[in-house]
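Secondary and tertiary structure notes
Listed below, chain by chain, are the residues.
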Amino acid sequence: MMVTVTGVDRVTVEGVRMRICVGAQPCTDFRVTRLPESESLSCGSVACSLAEPGRLQVTLPQKPARTVADLPVRVTASSRQGQREGAATMRFVAGKGPCGCDYSYADVALG
């Protein structure tokens with residue numbers, strides 16, 4: 001499951017606490033930190049990357065892609081500057097993409 005979060009730059013990427021919830025599944029909580037030796041980011045045990053400024057791609061633990069289709073996705077980003085939230089719906093794509101496999105994704109814009 002891939003969740004892309006835009007608007008992260010509005011809460012400053014350094015030290016942001018993220019919470020991503022998909023449907024009724026347990027939420028995933030992590031902290032985004034910039035690695036000092038590079039321009040890359042760390043999200044602890046969660047796989048993430050900065051696709052472009054303000055656009056964070058997060059790969060959540062894999063569930064069968066079809067089982068999460070049409071589930072609501074809620075994202076909360078908190079920092080010293082405040083809290084921003086966004087929501088979207090998980091989409092399912094059958095047998096496409098670089099892997100030629102089924103996958104699910106959501107694009108969430110923080111308000």
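Details of the structure are given in the entry above.
Residues numbered from 1 in each chain as written. Predicted model: local features only at pLDDT ≥ 70, side-chain atom pairs only at ≥ 80, totals over all residues. Heavy atoms only, no water.

Taken as a whole and judged by the stated rule, the model has two disulfides. Each sulfur of the disulfide joining Cys21 and Cys27 lies 2.0 Å from the other. What sets the handedness of the Cys21 and Cys27 disulfide is the S-S torsion sign, and at about 110° it is right-handed. In this model Cys43 forms its disulfide with Cys48; the gap between the sulfur atoms is 2.0 Å. For the disulfide bridge between Cys43 and Cys48, the dihedral angle about the S-S bond is near 90°, and by the sign convention the bridge is right-handed. One exposure class covers both Cys43 and Cys48, and it is buried. (Disulfide = S-S within 2.5 Å. Buried < 20%, exposed > 50% of the residue type's maximum accessible area, 1.4 Å probe, protein only.)

Phi is positive for Asp70, close to 70°, though the residue is something other than glycine. With respect to the element layout, Asp70 can be found in the loop between β6 (55-59) and β7 (72-79). (Helix = DSSP H or I, 4+ residues; strand = E, 2+ residues; numbered from the N terminus.)

Turning to the sheet that holds strand β9 (residues 91-96), a few remarks are in order. Ordered by their spatial adjacency, five strands build an open sheet running β5-β6-β1-β10-β9, and the pairing between neighbours is mixed. The sheet is open, and its two edges are formed by β5 (47-52) and β9, each paired on a single side. Looking at each pair of strands side by side, their axes are set apart by 25° on average, direction ignored. As defined by bridge partners, β9 adjoins strand β10 (residues 101-109) across four bridges and the pair is classed as antiparallel. Paired with Arg91 across the two strands is Tyr105, which belongs to β10. (Pairing = 2+ DSSP bridges. Axes fitted to C-alpha atoms, helices over the stretch in contact; angles between N-to-C directions.)

Turning to its location among the elements, Ala106 is positioned in strand β10. The spacing of Ala106 and Thr33 is 73 residues in sequence and 22 Å in space, taken between C-alpha atoms. If we skip the residues at most four places from it in the chain, Ala106 touches Met2, Val3, Thr4, Val73, Ala88, Thr89 and Met90. (Contact = heavy atoms within 4.5 Å.)

Among the secondary structure elements, Thr28 is positioned in strand β3 (residues 28-34). Those residues within four positions of Thr28 in sequence are excluded, and the remaining contacts are Met18, Arg19, Ile20, Val46 and Leu60.

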